[in-house]
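Chain and residue survey
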Amino acid sequence: MQIPSQPDPTLAVPRSLEDVIHAADISTEPFDEQVLWSQLVTSAPPSESCSDFERRGVVAELNAWRFMRSSDPNSGPWGIYWAPLASGKMADGTDFHNPDIVDIDPDIIQHWVNRALSLQHPALRARYADLAWEIGNARRRDADGPAKRAFLIGNPGALASIAIDGYLDAVEGGQLRDEHDCWEYLDRAVQLSLTINDSVRTARAKVALFNYQRLLVSRPERFLWWRLDDLTRTKRRQLNLSDEELQEIIAGLEEALTRSANLENLESFDPHAAMQAADRLAKLLADGPEEVQRVIKVGAGAYEAAAAKASAMLAIAWLEDLMPRYRSMGLTEDAKRVENTIVSRAKDAKQEMSRHSVTVEIPAEQVQKWIDVVAGETADHALSRVAQSCLLTEDSSQRSVETMMAHAPLMSLFSTTIMGRDGFTEATIGSVKDDIAGHTLKHAAEQFSQRAQLLHLLLHHTIGRHGLDIEAFLAHARSVPWFALHREPLLREGLMAWFDADAVKAIHVLVPQVEAACRDLLDFTGGSIRKFNPLTGGFEVIGMGAVLNHPRFVEGVPKDIRFHLRALYCEPRGINLRNHLAHGLTTKDALGIPMANWVVHSVLLLGILELIEATDTRS
């Protein structure tokens, strides 16, 4: 157990820092690591006034209190308990960490060892010993040859023992200011005792855990009731928890659930805490599904009670999470009750949203010039030019999103929820950085609305200039084999409705023809368009979403056409027209002439697919 204390040959701690450490060592006030760190920073002498030895002493002392404790060593850059205060990338792309363990040499490790051996305060001893143990091991692991030997310090396992004893002494002696720090110290003591396989210290750490929990329970103040479960959940076998100790954990969670779910006491009512306690209990209870159902109903009931008093949007956000919980527990009646509540509050949620719009004016002469160019002087390929000119491309939509991100960096950090008419979330889009694809599709959906008037003018002008009729549109569709002849009567019926300005009929007739054409197109590329249904014992065709995302479709169809069709027909982050139409989720107002124009444009778009592949004229 003995560790030699050796002089620090290449560093000297300035007197101002020694005074701070000494004051903390003999203090009887509750200890706070952050307070000591602040005192050290403000007491550090200017670098220019220090000798080389003193500058190294400042680095050794300040870095000892700048390393952060990590709850997950795998998330840090070094795979150890201690983590940097800050990390990032330099201009040349290299990583930087502050502080960095590569700056910790054998002399600094020895300095920390000396601190651990000479100081009296258990919290100080624990930290210095832990740093020397953990970082010393990491540096020795990564070093080679003589450098590896330089990091060998006596009996390193003894450092872990000193750290464990210091952490436990500090908690048991009531020498820490903050409850969070107490749990951190207890957690680290358990980790270290298990790491060095010290059964005596593991047993002591377990006793300290339960004693501290009992101390907090005896006090009237609120406390971190979940921490005991956190610290023991994955270590029950290693800690050799008895049935009585497990029941004590369960009793504590039950008490937290009851307290947090009590709406009559607003000071303690907390639906988030109630649900968390219920979830934890569900993993511990071994008395059958009825007990699990009981605690889930209590926790979820707290959310329902809170939702009843909350705004509609907030209430729906809370309630949506309850439905899968209830269903997974077999509580179908409770799930249906929540579903009905969400639907009943959908109208209020819509009214709580505010609409923001910006007027964009395009000079009439510019619009007319564009229309004249696209419509052309002759009817030859006029419809093909209409299809190409109004195609929404993925790259263009993404560039627009990136431009908006540059002008509104704060907004780009937030996620976006798309709510359906019934109040339920249809899609969630992450931040721009994490979900650029989702934002690109959402922007495309907005572009369909913004460009609808241009498409309407273009179609109207092109038809009028060249005297185009239904036969011209049908001839355009016949130019490709995926508009099958046996479906032409329905295609004709839909186009006739569109020419007669019957948008609702046109959309209902034409959307299935567009889907069928996409499916036949997949068939032409060699993709399978059917799947077996074990329930009926027969085969059925795959849906439009599966068609557009099929690997063969992705390989054989230009990405901009795929993107355009996905955003319009079968993406919850886009318009989702096909799915809303198929499931009766749309309204008459949404099925006007602007939307019918886009469906007709899809017919034109699919009719030029071979032209795009043969001439590569798409830009």
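Report follows, based on the coordinates. Model, not experiment: these values are computed from the prediction. (Residues numbered from 1 in each chain as written. Predicted model: local features only at pLDDT ≥ 70, side-chain atom pairs only at ≥ 80, totals over all residues. Heavy atoms only, no water.)

The next thing to look at is the overall build of the protein. Each helix and strand counted, the protein has 30 helices and 8 strands in total. For 619 residues, the compact-globule estimate of 2.2 N^0.38 gives 25 Å, and the protein exceeds it by more than 25% at 34 Å. Out of the 619 residues in the protein, the part that is buried amounts to 47%. Where the 64 positive side-chain charges of the protein centre and where its 85 negative ones centre are 2 Å apart. (Helix = DSSP H or I, 4+ residues; strand = E, 2+ residues; numbered from the N terminus. Rg over C-alpha atoms; globule rule 2.2 N^0.38 Å. Buried < 20%, exposed > 50% of the residue type's maximum accessible area, 1.4 Å probe, protein only. Lys, Arg positive; Asp, Glu negative; His and termini not counted. Charge placed at Lys NZ, Arg CZ, Asp CG, Glu CD.)

The pairing of strand S5 (residues 416-419) with strand S6 (residues 425-429) spans 4 bridges and is antiparallel. Within S6, the residue paired with Ile-418 across the bridge is Ala-427. Hairpin connection from S5 to S6: 5 residues lie between these consecutive antiparallel strands, with Gly-423 at a positive phi of about 95°. (Pairing = 2+ DSSP bridges.)

Turning our attention to the packing of helix H17 (residues 364-375) against helix H18 (residues 382-389). Contact geometry of H17 with H18 gives a least axis separation of 8 Å together with a crossing angle of 130°. In terms of axis orientation, H17 runs oblique to H18. Along its contact with H17, which presents Trp-370, Val-373, Val-374 and Ala-375, the element H18 presents Ala-382, Arg-385, Val-386 and Ser-389. Of the residues assigned to the contact of H17 with H18, the class counts are 6 nonpolar, 1 polar and 1 charged. (Axes fitted to C-alpha atoms, helices over the stretch in contact; angles between N-to-C directions. Parallel < 35°, antiparallel > 145°, perpendicular 65-115°, else oblique. Contact = heavy atoms within 4.5 Å. Nonpolar A, V, L, I, M, F, W, Y, C, P; charged D, E, K, R; others polar.)

Before going further, it helps to examine the packing of aromatic side chains. Applying the stated criterion across every chain, the model contains 14 aromatic pairs. Look at Phe-448 and Trp-598: their rings are 4.9 Å apart centre to centre, the planes differ by 85°, and that puts the pair in the edge-to-face class. Within this pair, whereas Phe-448 is found in helix H20 (residues 436-450), its partner Trp-598 is found in helix H29 (residues 593-607), the two being separated by 150 residues in sequence. Under the relative-accessibility criterion, Trp-598 is labelled buried at 2%. For the ring pair Trp-498 and Phe-499, a centre distance of 5.3 Å and an interplane angle of 80° mean the geometry is edge-to-face. (Phe/Tyr/Trp six-rings, centres within 6.5 Å; stacked < 30°, edge-to-face > 60°.)

Given a rise of 1.5 Å per residue, 21 residues ought to cover 30 Å, and the 30 Å separating the end C-alpha atoms of helix H16 (residues 332-352) matches this to within 8%. Ala-346 marks the point of greatest bend in H16, at about 40°. Of all the residues in H16, the buried ones are Asp-334, Ala-335, Val-338, Ile-342, Arg-345, Ala-346 and Ala-349. Those residues of H16 that are buried are in contact with helix H13 (289-308), helix H14 (312-320), helix H15 (322-328) and S5. (Expected span 1.5 Å × (residues − 1). Bend = angle between axes of the 7 residues up to and from the residue.)

Okay, the environment of Ala-160 next. Inspection of the secondary structure puts Ala-160 in helix H7 (residues 156-172). You can call Ala-160 buried: its relative accessible area is 0%. Here the alpha-carbon distance between Ala-160 and Ala-306, two residues 146 residues apart in the chain, equals 47 Å. Ignoring any residue separated from it by four or fewer positions in sequence, one finds Ala-160 in contact with Trp-133, Leu-192 and Ile-196.

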